[in-house]
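# Tertiary structure, described
Given next are the chains, with one letter for each unit.
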Amino acid sequence: MDVRVDYGMCQDHGQCAIAAPKVFQMDDDGKLVYDKHPDDSQRDEVEEAADVCPVQAIFLDES
Amino acid sequence: MSTDQLTDAPFLNLADPTFSVQSDAVRQAREASWFAHTSYGLAVLRYDEVSKLMKDRRLRQGSWAWPAHNGVNEGPFAHWWSSALLNLEGDDHHRLRRLMNPAFSPKLIGGLVPRFQALANELIDGFHERGRCDFASEFAEPYAARVIAIMLGIPEGEWKKIAAWSNDIGLALGVTLKQDLAKVEAALEGLYEYADELIADRRKNPGDDFVSRLVLAERDGEHLSHDELRVSLVLLIFGGMDTTRNQLGLALQTFMKYPDQWKLLAERPELGKAAVEEVMRVNPTVTWVTREALEDFEYQGLEIKAGTTIHLLSESAGTDPRVIEGEPFDLTAERVPHFGFGGGAHHCLGHFVARSDMSEALPLLAQRLKNPTIDGIATWLPLSGNTGPIFLPIAFERG
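Let us look at the structure shown here. (Residues numbered from 1 in each chain as written. Chains lettered and ligands numbered in written order. Predicted model: local features only at pLDDT ≥ 70, side-chain atom pairs only at ≥ 80, totals over all residues.)

Now for the sheet that holds strand S12 (residues 369-374) of chain B. Residue and element names in this part refer to chain B. Pairing in this open sheet of 3 strands is antiparallel, and the strands run S5-S15-S12 from one edge to the other. Strands with a single pairing partner mark the edges of an open sheet, and in this sheet they are strand S5 (132-134) and S12. Across the sheet, the axes of successive neighbouring strands diverge by a mean angle of 30°, strand direction being ignored. As defined by bridge partners, S12 adjoins strand S15 (residues 393-398) across 4 bridges and the pair is classed as antiparallel. Directly across from Leu369, in S15, lies its bridge partner Arg398. (Pairing = 2+ DSSP bridges. Helix = DSSP H or I, 4+ residues; strand = E, 2+ residues; numbered from the N terminus. Axes fitted to C-alpha atoms, helices over the stretch in contact; angles between N-to-C directions.)

Laid out in structure tokens, this is it:
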């Protein structure tokens, strides 16, 4: 699956890293890093991350 | 940072009942330094530093030790406080947050919009003929409480009961907690019994309300325990009631200062969302968010010791001239995000609901309450901690 985070919107709250820790992580400076092409087995978690993002900056499977 | 700079940093007496987060003293301190010393830890005053420290994992949510600070170490209130999501950290927090998140999904809010609009209009109908009202008790409070009733799937007529318990629990946030403890715990018991009945009912008859969603919530085979459910429901009732009530009153206060913006909102109701954001930036009910240092660390040259309380001043950050240009209050301006819902791991769980219900109410109010003005003597909570109107008499022209 394809995941994109709009870094212009992202505020590094880290809710995605709570919802889908295998795909989204906060680095030592508190900045978001993420896997742009996670395995499909992560779909539920990634959808949950997109849903809870306070600024709704996570987008899935755009073509 | 040198000792000189440290001792030169401004001092703000947050514990003084006359202290105001919107005072010249805070503005001057913000120009002098990114932080101030206070009667109780530090205050952070500028946008960038508030934004970073709000999410810094070397800090935990600051209110966890509140009961103990006030001499309350055991009993139902201490148990509720220490088990509530707000005061949990790490894996315990994340597990509970993930079980609760789906009940607050933005996908579920859209269907409630017509109910929010109907509720706002019904409440306005109640005083519209008169051309005056106490906005706090005739609109803000019943609106906030009945939105919660809608969310819980209970008869809206029950709102007064819920609101009374919630108000009594609010006494726990005052420095007189110890004296008020019996009242606080009686209210807690009332809400627990109410929550127990709701939980039992939804286990038998699940619907699409929010209590059913929490009862049915499941992740990796895990569910919320009965204790977690009742603790969480009380937190949600309490957390959603006063904040929304106060924020609506503060919104009206701000718009009375900027009547052209109120007219603009009436003409362009699609600005309702922007109105909520702009009001919460310049006049948030949560005037500061607290954090507590988990370890010793250095931040921008300042040594912060483990255990230090840090107040992140949301309004001071939101009006920082380093990031805000142009008119002080403008619904059409592009703004940086505000901190009225906190941030980081403890970002307000109910913000999609709060944003939606307030963004529906404000344009309807702007259309039907033209040129509102203060009509008598309004009374306010101190402009510190969580603030808002106690009594807000207004007069208006009927629209």
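As a further point, take the interface of chain B and chain A. How big an interface is tends to be expressed through the accessible area that disappears when the partners come together. Contact residues are listed per partner, giving 16 residues for chain B and 13 residues for chain A. When residues in the side of chain B that touches chain A are grouped by element, the largest group, 3 residues, is from helix H6 (residues 90-100) of chain B. Looking at the side of chain B that touches chain A, its residues break down into 3 nonpolar, 7 polar and 6 charged. (Contact = placed C-beta atoms within 7 Å. Nonpolar A, V, L, I, M, F, W, Y, C, P; charged D, E, K, R; others polar.)

Looking now at the sheet that holds strand S11 (residues 309-313) of chain B. Residues and elements named next belong to chain B. In space, the 6 strands of this open sheet follow the order S1-S2-S3-S11-S8-S4, with mixed pairing throughout. Strands with a single pairing partner mark the edges of an open sheet, and in this sheet they are strand S1 (11-12) and strand S4 (59-61). Its contacts with the sheet put helix H3 (residues 47-55) on strand S3 (41-44), S4, strand S8 (288-293) and S11, and the angle it makes with S11 is roughly 130°.

Take the nonpolar core next. Soluble globular proteins tend to bury their nonpolar side chains together. All names here are of chain B. Ranked by internal contacts, the top residues of the largest apolar core, which has 85 residues, are Tyr143, Ile148, Val234, Ile237, Leu248, Ala361 and Leu362. The biggest single contributor to this core is helix H12 (residues 226-257), with 14 residues. Sequence-distant contacts of Val234, defined by excluding residues within four places in its chain, comprise Trp80, Leu188, Leu191, Tyr192 and Ala195. Judged by nonpolar contacts, the second largest core, of 27 residues, contains Leu45, Val50, Val289 and Leu312. (Core = buried A, V, L, I, M, F, W, Y, C linked by C-beta atoms within 7 Å. Buried ≥ 20, exposed ≤ 12 C-beta atoms within 10 Å, placed from the backbone.)

Bringing the environment of Lys273(B) into the picture now. Residue and element names in this part refer to chain B. Among the secondary structure elements, Lys273 is positioned in helix H14 (residues 272-282). Spatially, the C-alpha atom of Lys273 lies 8.1 Å from that of Met358, the residues being 85 residues apart in sequence. Setting aside anything within four residues of it in sequence, one finds Lys273 in contact with Arg355 and Ser359.

Residues and elements named next belong to chain B. Inspection of the secondary structure puts Phe104 in the loop between H6 and helix H7 (113-128). For Phe104, a count of 21 C-beta atoms within 10 Å puts it in the buried group. Taking C-alpha positions, Phe104 is 7.4 Å from Val353, a pair spaced 249 residues apart along the chain. Once residues lying within four places of it in the same chain are set aside, the contact partners of Phe104 are Leu349, Gly350, Phe352 and Val353.

Residue and element names in this part refer to chain B. Sheet topology places S4 next to S8; 3 bridges connect them, and they run antiparallel. Following the sheet pairing, Arg60 is matched in S8 by Glu292. Taken together, the 5 bridges between S8 and S11 define a ladder with antiparallel strand orientation. When the bridges of S11 are listed, Val289 appears paired with Leu312.

Moving on: the packing of helix H9 (residues 159-170) of chain B against H12(B). Residues and elements named next belong to chain B. Two elements in contact, H9 and H12, have axes separated by 9 Å at closest approach and are oriented at 90°. As far as their axial angle goes, H12 and H9 are roughly perpendicular. Across the interface between the two elements, Ile162, Ala163, Ser166, Ile169 and Gly170 of H9 pack against Ile237, Phe238, Met241 and Asp242 of H12. (Parallel < 35°, antiparallel > 145°, perpendicular 65-115°, else oblique.)

Residues and elements named next belong to chain B. Of the pairings in the sheet, the one linking S1 to strand S2 (residues 35-38) comprises 2 bridges and is parallel in character. By the bridge assignment for S2, Phe11 is matched with His37. Remark: the S1/helix H2 (residues 24-32)/S2 crossover connection has right-handed handedness. Relative to S3, S2 runs antiparallel, the two being bridged by 4 bridges. If you follow His37 over to S3, its bridge partner there is Leu42. Here S2 folds back onto S3 in antiparallel fashion, the turn holding 2 residues. (Right-handed = clockwise from strand over helix to strand, strands pointing away.)

Moving on to unusual backbone geometry. Comment: phi is negative for the bulk of residues other than glycine, and the bulk of peptide bonds are trans. Phi is positive for Asp12(A), close to 60°, though the residue is something other than glycine. Its place among the elements puts Asp12(A) in the loop between strand S1 (3-5) and helix H1 (15-19). Residue classification places Asp12(A) among the buried positions, given that 20 C-beta atoms sit within 10 Å. With phi around 50°, Gln300(B) is a residue other than glycine that occupies positive phi space. Counting through the fold element by element, Gln300(B) comes out in the loop between strand S9 (297-299) and strand S10 (302-304).

The next thing to look at is the packing of H7(B) against helix H8 (residues 135-152) of chain B. Residue and element names in this part refer to chain B. Contact geometry for H7 and H8: axes closest at 10 Å, N-to-C directions at 150°. One way to sum up the angle between H7 and H8 is to call them roughly antiparallel. Pair H7 / H8 crosses with right-handed handedness. Across from Arg115, Phe116, Leu119, Ala120, Leu123, Gly126 and Phe127 in H7, the residues of H8 making contact are Glu138, Phe139, Pro142, Tyr143, Arg146, Val147 and Ile150. Counted by class, the contact of H7 with H8 contains 10 nonpolar, 1 polar and 3 charged residues. (Left-handed = near helix turned anticlockwise from the far one by under 90°.)

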